[in-house]
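Structural overview for review
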Amino acid sequence: MTASASAARPGRRPILPFLRLPEQGEPYLVGQKCGGCGAVYLNQRVACSKCQATGPFTEIPLSRTGTLHVFSIVHQSMPGVPTPYIAAIVDLPEGVSVRATLVDVEPDPAKLKFDMPLEMTTGVSQKDKDGNDVVAFWFRPAQR
Ligand SMILES: [Zn+2]
């Protein structure tokens, strides 16, 4: 666990380690930036796949907006998971792609366009076994 992850409010934790929940302001995703070539990755890396450097990697905040790279409308899932939903890959301006579910838009291909602008939204998706609120992120069509 990194210092910033443990700084999340008690009773509230991110669903994934690269989601940050600051005391002030909106939650955001973080990337790991290669000190050798500037490539950015979503998860912890042992080496850069672009320049093979083994570091240092610096944590950087990622944009809360991106564009729709690709999507799939999921009609069958595990029990308890409402369908249909939109599974998407979102391109962020930092050169990172993130897998996310799209919300606030009908799961209809006619309503979705490749490269359409999206923005991140967050909310409590569930409680963990210790009673903490688990905060998840989704993307939705950009509001402006
Ligand atoms: Zn690199």
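A brief structural summary. Predicted model only: the values in this text are computed from it and were never measured.

Moving on, we get to the overall build of the chain. Check the secondary structure of the chain and you find one helix and ten strands. Order of helices (α) and strands (β) in the chain, N terminus to C terminus: α-β-β-β-β-β-β-β-β-β-β. Taken over the C-alpha atoms alone, the chain extends approximately 45 × 40 × 30 Å along its principal axes. Taking all 144 residues of the chain together, 35% fall into the buried category. Taken together, the 15 basic and 13 acidic charged side chains of the chain have centroids lying 3 Å from each other.

A regular strand carries its side chains on alternate faces of the sheet. Where strand 6 (residues 65–74) lies against strand 9 (residues 117–127), three bridges are found, and the strand directions are antiparallel. Each residue of the ladder has a partner; that of Thr 67, found in strand 9, is Pro 117. Bridging between strand 6 and strand 7 (residues 85–91) involves seven bridges; their strand directions are antiparallel. Of the residues in strand 7, the one forming a bridge with Ser 72 is Ala 87.

Moving on, we get to the pattern of salt bridges. Tallied over the entire structure, the rule returns eight salt bridges. The residue Lys 111 makes a salt bridge to Glu 106 at a minimum N-O spacing of 3.9 Å. Take Lys 111: its relative accessible area is 43%, and that puts it in the partly exposed class. On the accessibility criterion, Glu 106 (47% relative accessible area) is partly exposed. Ionic pairing is found between Asp 130 and Lys 129, a salt bridge with its closest N-O pair at 3.8 Å.

What follows covers the coordination of the zinc ion. For the zinc ion, the full set of protein donor atoms is Cys 34 (SG), Cys 37 (SG), Cys 48 (SG) and Cys 51 (SG), and the range of their distances to it is 2.3 to 2.4 Å. Considering all four donor atoms around the zinc ion, angles at the metal cover 103 to 116° and the coordination shape is tetrahedral. Binding-site remark: the zinc ion is held by donors from one chain whose sequence spacing is C-x2-C-x10-C-x2-C. A relative accessible area of 3% places Cys 34 in the buried class.

This part is about the packing of aromatic side chains. Enumeration according to the criterion identifies four aromatic pairs in this entry. For the pair Tyr 41 and Phe 57, a centre-to-centre distance of 6.4 Å together with 70° between the ring planes defines the contact as edge-to-face. Taken together, the residues span a long stretch of sequence, with Tyr 41 in strand 4 (residues 40–41) and Phe 57 in strand 5 (residues 57–61) at a distance of 16 residues. For Tyr 41, a relative accessible area of 11% corresponds to the buried category. Look at Phe 71 and Phe 114: their rings are 5.6 Å apart centre to centre, the planes differ by 35°, and that puts the pair in the tilted class. Of the two residues, Phe 71 sits in strand 6 while Phe 114 sits in the loop between strand 8 (97–102) and strand 9, which places them 43 residues apart along the sequence. Three or more aromatic residues joined by ring pairs make a cluster, and in this case those are Phe 18, Phe 137 and Phe 139. Residue placement shows Arg 45 over the ring face of Tyr 41; its charged tip is 3.9 Å from the ring centre.

Rules used throughout
Residues numbered from 1 in each chain as written. Predicted model: local features only at pLDDT ≥ 70, side-chain atom pairs only at ≥ 80, totals over all residues. Heavy atoms only, no water. Helix = DSSP H or I, 4+ residues; strand = E, 2+ residues; numbered from the N terminus. Buried < 20%, exposed > 50% of the residue type's maximum accessible area, 1.4 Å probe, protein only. Lys, Arg positive; Asp, Glu negative; His and termini not counted. Charge placed at Lys NZ, Arg CZ, Asp CG, Glu CD. Pairing = 2+ DSSP bridges. Salt bridge = Lys/Arg side-chain N within 4 Å of Asp/Glu carboxyl O. Donors = N, O, S within 2.8 Å, 3.2 Å for Na, K, Ca; no water. Tetrahedral: all angles 85-135°; square planar, octahedral: opposite > 155°, others 65-115°. Phe/Tyr/Trp six-rings, centres within 6.5 Å; stacked < 30°, edge-to-face > 60°. Lys NZ or Arg CZ within 6 Å of the ring centre and 35° of its normal.

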